[in-house]
2 protein chains.
Amino acid sequence: MKIALAQIDCAVGDFDGNLKKIIQFSVDAKKKGASIVVFPEMALTGYPVEDLALRRSFLEASKRALNFLVARSSDEDMLDLMLVIGTLSPTKRTPDANRVAIARNSAYAILNGEIITKYDKHLLPNTGVFDEYRVFEEGTSEGSFKLNGERFQLFICADIWNLEQISDRVKATNKDSRIDHIIVINASPFEVRKQSTRYNIARQLIHGTDISLTYVNMVGGQDDLVFDGASFCMFRGKVFARAKKFREELLVVDIEKNNSPTQENFALHSESYDTESIYRALVLGLRDYVQKNGFTEVVLGLSGGIDSALCAVIAKDAVGAKNVMGILMPSKFSSKSSIDDALETVNLNGFKHCIQSIEPIYDAYVAELRMSSVAQENIQARIRGNILMNYANTNPSALVIATGNKSELAVGYSTIYGDAVGGFAPIKDVLKSKVYELAVWRNGHEFEKNNGSVIPKNSITKPPSAELRADQKDQDSLPDYAVLDAMLELYVENAHGKDELINAGYDRELVEEVVRMVDRAEWKRRQYPPGPKVSALAFGRDRRLPITSRF
Amino acid sequence: MKIALAQIDCAVGDFDGNLKKIIQFSVDAKKKGASIVVFPEMALTGYPVEDLALRRSFLEASKRALNFLVARSSDEDMLDLMLVIGTLSPTKRTPDANRVAIARNSAYAILNGEIITKYDKHLLPNTGVFDEYRVFEEGTSEGSFKLNGERFQLFICADIWNLEQISDRVKATNKDSRIDHIIVINASPFEVRKQSTRYNIARQLIHGTDISLTYVNMVGGQDDLVFDGASFCMFRGKVFARAKKFREELLVVDIEKNNSPTQENFALHSESYDTESIYRALVLGLRDYVQKNGFTEVVLGLSGGIDSALCAVIAKDAVGAKNVMGILMPSKFSSKSSIDDALETVNLNGFKHCIQSIEPIYDAYVAELRMSSVAQENIQARIRGNILMNYANTNPSALVIATGNKSELAVGYSTIYGDAVGGFAPIKDVLKSKVYELAVWRNGHEFEKNNGSVIPKNSITKPPSAELRADQKDQDSLPDYAVLDAMLELYVENAHGKDELINAGYDRELVEEVVRMVDRAEWKRRQYPPGPKVSALAFGRDRRLPITSRF
């Protein structure tokens, strides 16, 4: 029996577009001989829909789309194909002030114009980036179906992460009614090393059984999340089929038990695997933000530094060099080598570009205003922000991207309304040390059809500088990035306290200084554009902290 | 027996400061003959602490503060005084990936150096602005204590909002062990008409019983929330004592049953009561943001329009006229009457001010850049934003406030990085129609020791204009505010869909236009400063919607 893993990129609220894609993948799956086609969690609605799930009008629209799909499934080109698809279903209980949810997060199995079964997600993640307990009601249904004499059990995403609860259920159900196959539909966002965690969970779930497991994940970017796909099939602890990462695919797999499972063939834990995964996540996150929001072009400031060079290359890999506009905005503090590096970035990649000195405008501010030295630095960044926004206001199909990295964002080493302007911030969840690794990795590798050697060597090797005053270097104001990033991994990504950092061997004064900088910059982060989460703990809804705090 | 309602303003994470205040109020309560002093929910930690509740270091600090308080309670000046206080307590279960909480939201009853009982909040609100299911574990304890032969039952905030569940419990417990008094500690944020809802809930809870109810609420601003106080005591459905709104108070009340309850004596449902409440909320929200974040001064642009005039007066009532800096930033599109109105605002209130034309800087941009007409409008707003930020960068104790109202924010009628700059936005949750009402109300009333007649009549009566091009009026681009605001109440504050707006009688084309404008502005709202929630549904964490959406 063949099962088709339909790893698709859905758009939130685009019922027509999602339906069209679902039907096309279904028809293809049937052509390729599949008996079942499996779509991701919330494939019909897109994911996450956030508070849209609380709106009657959204629930009604999802119902209409589902009805259309059910009817469509009886047409010749989809006949006898079982569809498994994620969408909303209405709650049973009446919402009240404490629990306002009107919908469940559900999986439907559909065959020949009929709904065969429905499974509602049991476990609603309400940690990290997730607010599912806020917007959904938890389910209790069993949700299994028989096809060709074999029994399939449905689960949704987080359901299988509570192993204790689910394993027992699987084993109990298995005793009574013999499950042959588990199908898990997911909208599981990327973070570094997530895939090996998924394998471990899946492995434990079917441990000691002869149940096959089919894991279908969404692919695509949605605001600050990137779904990486990498759908897979597992039997007796071995992955025997895997869809691509970070792109759509219809993977048709034979799930008969006589399959000879083969171990997946790459190094899940190597540094370069991590680096490549992050890079691909950033490209997909930006590409989908641009396309799903109706932009065609990306515009950014090119300083000659590594952050803007990396962002520009990510933009090229996302939307094509001819759709990237780099604006060089030198001042009297810009070194000649900075301008050369920025121009080399343009030339290596074939970007559109222009050079716009900020000096005449800067002079106008200086002539008009009383300014402290900090204000004089910030105004330069803000003039640049204004120039970028002017380009976007004049060319409304262009999206401005902010090029700040996670280290800067953490300690507030950026100018709000200056270098922080933009609709999207591709590397906001990437620490500076990782920025270097990504640049080196990308220089050494083709990406899709684009060559390596895209970032000037000098941008990688020179000491980082904001160039807002003469001879300024980042390390005048900040600890060495290697040290800073290691501390940020503890304080931000692992949410450790001061004492734990001191116990880890960092100097007390340095710890207090870094923690103070991070905490004081919360107000700036709140106004920073969204960007793809790639780490275990990103700024934004993943890490919700008060601005006003004396802790 | 006397009970003291200690309605205090706590600061998040300020354990030393909160402790000091709690001890001072306790000592005063004893002096005034109270047997019990009751503090708000999470009084020791401040509220809401958001993800700080997930940090071991924060939980440990709260434990140390509690231990200190328990020990302190055996000192002479607090002897025989029962303290009821909200703080964190550790969970019983081990956190896992699905439920990462390490703490409960708890009420301790403390007497003479000992913890008498602890009650853990049962019902964790996870809707609207609340994320309690995310950060706390729910409790199951009963939490009652006896004093002078009478039995007191503790509850925390949302616990009493699920009447079905709690009433049954109260009645059941009452039968067995006779409850004489209920104490509810709260951190219940203000929104318009919330107080009458609180009364209704309390009334239903003790309906048909002879139980007295003491409701103690927090007071103060914390980022986007304002706690309004208004703590009260109720017996047989009547409020017989009420603390002030929007300020700290130690209210000592005799709760003997022979008290003659008197109905609270003001019109809870009148328009002017609502308007005054909103105004006081805005003042307190801004005052606490300024003070708790270590600012001493507020700076804003004064355009002569009603929004900036109202914000300036709110700032005066929050921090005093001598700490308000108004910057007039005229352009060639500014009418003489606008400048006159802005100067009148300065003169009526005694603000510091300066006049800084944006023309020379604007000319520099125009000379340097190719600009569409929209870009030419936006750059004016951005120059003004830069000038305000320059003031704050040069005077670091000054907080820039953004003066946009909710109607503008809803439809995106503001310039991101322009008039949207600032650390706080006092009227972001106030629709334009309500801005007028607030201005008229304030002109007709003293506020604390400040006179009425503070906003120029002309700012109220003239047609609103952004003055970014010649003869521009808001109504060139937007529907009449009366119509727009009525639609926004349906679409934003009541989360209705398009069809419901059309059914309510609005023209289909207009509905589609307004809905489109609101949805498209989501990205701008994400980068807008926080400001006090005063409506049933504010922008921000109260209303979580995707930026990328085709619905």
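Look up a bit, the structure's there.
Procedures and definitions
Residues numbered from 1 in each chain as written. Chains lettered and ligands numbered in written order. Predicted model: local features only at pLDDT ≥ 70, side-chain atom pairs only at ≥ 80, totals over all residues. Heavy atoms only, no water. Pairing = 2+ DSSP bridges. Helix = DSSP H or I, 4+ residues; strand = E, 2+ residues; numbered from the N terminus. Axes fitted to C-alpha atoms, helices over the stretch in contact; angles between N-to-C directions. Contact = heavy atoms within 4.5 Å. Buried area = accessible area lost by both parts, 1.4 Å probe. Salt bridge = Lys/Arg side-chain N within 4 Å of Asp/Glu carboxyl O. Polar contact = N/O pair within 3.5 Å; in protein donor to acceptor, adjacent residues only side chain to side chain. Expected span 1.5 Å × (residues − 1). Buried < 20%, exposed > 50% of the residue type's maximum accessible area, 1.4 Å probe, protein only. Least-squares fit on C-alpha atoms with pLDDT ≥ 70 in both.

**Some points on the sheet that holds strand β16 (residues 324-328) of chain A**
Residues and elements named next belong to chain A.
Point 1. In spatial order, the strands read β17-β16-β15-β18; together these four strands make up an open sheet with parallel pairing. Looking along the sheet, the strands with just one partner apiece sit at the ends: β17 (352-355) and β18 (398-400). Strand-to-strand twist of the sheet, defined as the mean angle between neighbouring strand axes without regard to direction, takes the value 25 degrees.
Point 2. Here four bridges tie β16 to β17, and the two strands are oriented parallel to one another.

**Let's talk about the interface of chain A and chain B**
Point 1. Each partner contributes residues to the interface: chain A has 82 residues there, and chain B has 82 residues.
Point 2. Summed over both partners, the interface of chain A with chain B comes to about 7,300 Å²; 52% of that surface belongs to carbon and sulfur atoms.
Point 3. Sorting the residues of chain A by area buried against chain B places Thr548, Arg550 and Phe551 of chain A first, and these three jointly supply 11% of that buried surface.
Point 4. Between the two partners, chain A and chain B, sit four salt bridges.
Point 5. Arg544 of chain B is the salt-bridge partner of Asp131 of chain A, the closest N and O atoms lying 3.3 Å from each other.
Point 6. Applying the counting rule to chain A against chain B returns 43 residue pairs in polar contact (both at pLDDT 80 or more).
Point 7. Broken down by secondary-structure element, the contributors of at least two residues to the side of chain A that touches chain B are α2 (56-72), α3 (132-135), α6 (271-292), α9 (359-368), α10 (373-394) and α18 (522-526) of chain A.
Point 8. In terms of residues, the side of chain A that touches chain B owes the most to one element, α10 of chain A, which gives 11 residues.

**Things to note about helix α5 (residues 194-205) of chain B**
Point 1. Between its terminal C-alpha atoms α5 of chain B stretches 17 Å, which fits the 16 Å expected from 12 residues at 1.5 Å a residue.
Point 2. Of all the positions in α5 of chain B, only Lys194, Gln195, Ser196, Arg198, Tyr199, Ile201, Ala202 and Leu205 of chain B are classed as buried.

**Considering unusual backbone geometry**
The phi angle of most residues is negative, glycine excepted, and most peptide bonds adopt the trans form.
Point 1. Tyr47 of chain A connects to Pro48 of chain A through a cis peptide bond whose omega is -5 degrees.
Point 2. Looking at the secondary structure, you find Pro48 of chain A in the loop between β2 (36-38) and α2.
Point 3. We note that Glu448 of chain B has phi near 50 degrees; this positive angle belongs to a residue other than glycine.
Point 4. Tracing the backbone shows Glu448 of chain B in the loop between α12 (432-443) and α13 (457-461).
Point 5. The phi torsion at Glu467 of chain B lies on the positive side, around 50 degrees, for a residue other than glycine.
Point 6. The residue Glu467 of chain B is located in the loop between α13 and α14 (474-477) in this model.
Point 7. On the basis of relative accessibility, which here comes to 16%, the residue Glu467 of chain B falls in the buried class.

**Digging into the pattern of salt bridges**
Point 1. Inspection of every chain in the model, using the stated rule, returns 85 salt bridges over all chains.
Point 2. Between Arg287 of chain A and Glu448 of chain A there is a salt bridge, with the nearest N and O atoms lying 3.4 Å from each other. Here Arg287 of chain A is found in helix α6, whereas its partner Glu448 of chain A is found in the loop between α12 (432-443) and α13 (457-461), with 161 residues between them in sequence.
Point 3. The class for Arg287 of chain A is buried, based on a relative accessible area of 18%.
Point 4. According to the relative accessible area criterion, Glu448 of chain A is partly exposed, its value standing at 39%.
Point 5. One salt bridge connects Asp274 of chain B with Arg193 of chain B, and the closest N-O pair in it is separated by 2.6 Å. One end of the pair, Asp274 of chain B, is in helix α6 (residues 271-292); the other, Arg193 of chain B, is in the loop between β8 (181-186) and α5, and 81 residues separate them in sequence.
Point 6. Classification of Asp274 of chain B by relative accessible area gives buried; the value is 4%.
Point 7. Overlapping salt bridges bring together Arg104, Lys118, Asp120 and Glu137 of chain A as one network.

**What about the relation of the copies chain A and chain B?**
Point 1. Placing chain A over chain B gives an RMSD of 0.0 Å and needs a rotation angle of 180 degrees, together with 0.0 Å of translation along the axis. In symmetry terms, the pair is related by a two-fold rotation axis. Identified as the residue of chain A closest to the rotation axis by C-alpha distance is Gln527 of chain A, at 2.0 Å.
Point 2. Same-surface contact between copies: 100% of interface residues of chain A are shared with the interface of chain B.

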